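So you can see what is in the structure, the chains are spelled out below.
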Amino acid sequence: EEDKEEKVLDVQKLVTMALVHDIAESIVGDITPHCGISKEEKNTLEVEAMEKLKETLGDVAGETIETLWLEYENGSSREARVVKELDKLEMLLQASEYENEYKDVDLTEFYSSCDGSFKTENGKRWVEEILRRRPVR
């Protein structure tokens, strides 16, 4: 019974966290490995975007959003780690679609940026399947 409870995710928190992450990305832009922006610079841009968002939303909503964003960034909950994996998984699926559609495109850098990122068994299986279907490069 306890093991089952430990595996239960707070779906509302998960979805809200994913939206908060996407809102921050909508302000900064979706920074990919191809952009050539360092992790430090990306973090600075995202912190600035979150400050603007917090200011716009006001104290209570702003603090809630900031708390969820920091939890996501730090991977400090199961929900945060799942949302991070889903975000990376979506990037890999998009790279896979582009490579399949445009045969002369090689997005190895996108795949490489995710090496070791997947910690859950489901995440690892999904990545294995995406890589298995990837055209030989």
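Visitor: I keep staring at the overall build of the chain and nothing clicks. Help me out?
Guide: Tallying secondary structure elements over the chain gives seven helices and zero strands in all. Seen in sequence order, the chain has helices and strands lined up from the N terminus as α-α-α-α-α-α-α. With 137 residues in all, the chain has 29% of them scored as buried. Considering only contacts in the chain between residues 6 or more positions apart, those separated by 24 or more positions represent 61%. Surface summary for the chain: the accessible area is close to 9300 Å², and the carbon and sulfur share equals 52%. Of the charged side chains in the chain, 19 are positive and 34 negative; the average position of the first set lies 6 Å away from that of the second.

Visitor: Which parts of the structure should I look at to understand the nonpolar core?
Guide: Burial of nonpolar side chains together is a common tendency in soluble globular proteins. Among the nonpolar cores identified, the biggest contains 13 residues, and Met17, Val20, Met50, Ile65, Trp69 and Val83 are the most heavily contacted of them. Breaking this core down by element, the ones donating at least two residues are α2 (11-28), α3 (39-57), α4 (59-74) and α5 (78-101). Residue contacts for Ile65: discarding those within four places in its chain leaves Val20, Met50, Leu53 and Leu57. In this structure, Ala95, Cys114, Val127 and Ile130 belong to the second largest nonpolar core, which totals eleven residues.

Visitor: Looking at this structure, I do not really get the pattern of salt bridges. What am I missing?
Guide: Oppositely charged side chains may form a pair once their charged atoms are brought near each other. Per the counting criterion, the structure on display carries nine salt bridges. With its nearest N and O atoms 2.9 Å apart, the salt bridge here joins Lys54 to Glu66. Note that Lys54 is positioned in helix α3 and Glu66 in helix α4, a separation of twelve residues in sequence. Glu66 sits in the buried class, given a relative accessible area of 15%. Lys124 is the salt-bridge partner of Glu121, the closest N and O atoms lying 3.8 Å from each other. Taken together, the positions of Glu121 and Lys124, both in helix α7 (residues 121-133) and three residues apart, correspond to about one turn of that helix. Taken together, the shared-partner salt bridges in this structure form one network comprising Lys54, Glu63 and Glu66.

Visitor: For this particular structure, what's the right way to read the confidence of the model for the chain?
Guide: In the predicted model, the chain carries a mean pLDDT of 87, and the fraction of residues at 70 or more is 95%. The element-level mean pLDDT for the chain is lowest in helix α1 (residues 2-7), coming to 55, with α4 highest at 93.

Visitor: Any chance you could explain the packing of α4 against α5 here in plain terms?
Guide: Helices that pack against each other are described as a pair by the angle of their axes relative to one another and the distance between those axes. Viewed as axis vectors pointing N to C, α4 and α5 meet at an angle of 70 degrees, and their least axial separation amounts to 8 Å. The orientation of α4 with respect to α5, classified from their angle, is roughly perpendicular. The element α4 and its partner α5 pack so that their crossing is right-handed. For the pair α4 and α5, the contacting residues are Glu71, Tyr72 and Glu73 in the first and Ala80, Val83, Lys84 and Asp87 in the second.

Visitor: Hey, could you run me through the side chain of Glu99 in this one?
Guide: Along the chain, Glu99 turns up in helix α5. For Glu99, the side chain forms a polar contact with the main-chain nitrogen of Leu107, separated by 2.7 Å. Here Tyr111 takes part through its side chain, which lies 3.3 Å from a polar atom of the side chain of Glu99.

Visitor: Please clarify how a negative patch on the surface should be interpreted in this entry.
Guide: Residues Asp22, Asp30, Glu90, Glu97 and Glu101 make up a contiguous surface patch of negative charge. At three residues, α5 tops the list of elements feeding residues into the negative patch. Along the chain, Glu90 turns up in helix α5.

The rules behind the values
- Note on numbering: residues in each chain are counted from 1, in written sequence order.
- Whole-chain, interface and lining totals are the exception, using all residues; otherwise, since this is a predicted model, local features are given only for residues with pLDDT of at least 70 and side-chain atom pairs are given and counted only at 80 or more.
- The side-chain figures draw on all heavy atoms in the structure; neither hydrogens nor water molecules are used.
- Secondary structure is summarised from DSSP: a helix means a run of H or I of at least four residues, a strand means a run of E of at least two, and numbering begins at the N terminus for each.
- The buried label applies to any residue whose accessible area, calculated with a 1.4 Å probe on protein chains only, is under 20% of its type's maximum; exposed applies above 50%, and partly exposed to all values in between.
- Every residue pair with non-hydrogen atoms within 4.5 Å of one another is taken to be in contact.
- All accessibility values rest on the Shrake-Rupley procedure with a 1.4 Å probe; residue burial counts only the protein chains present in the view.
- In this tally Asp and Glu are treated as negative and Lys and Arg as positive; neither His nor the chain ends contributes.
- Think of each charge as sitting on NZ of Lys, CZ of Arg, CG of Asp or CD of Glu.
- Definition used in this section: a nonpolar core is a set of buried Ala, Val, Leu, Ile, Met, Phe, Trp, Tyr and Cys residues joined via side-chain atoms within 4.5 Å.
- The salt bridge definition used is simple: a Lys or Arg side-chain nitrogen within 4 Å of an Asp or Glu carboxyl oxygen.
- pLDDT is a residue-level measure of predictor confidence that goes from 0 to 100.
- Orientation is described by lines fitted to C-alpha atoms, with helices fitted over the stretch in contact, and by angles between N-to-C directions that extend from 0 to 180 degrees.
- Roughly parallel means an angle under 35 degrees; roughly antiparallel means over 145; roughly perpendicular covers 65 to 115; every other angle is labelled oblique.
- Two helices crossing with the near one rotated counterclockwise from the far one by less than a right angle form a left-handed crossing, whereas a clockwise rotation gives a right-handed crossing.
- The definition of a polar contact used here is a pair of N or O atoms within 3.5 Å, where within protein one atom must be able to donate a hydrogen and the other to accept one, and adjacent residues in sequence count solely through side-chain atom pairs.
- Patches in this entry comprise residues that are over 30% relatively accessible and not in a salt bridge; like charges within 9 Å are linked, as are nonpolar side chains (Val, Leu, Ile, Met, Phe, Trp, Tyr) within 5 Å.

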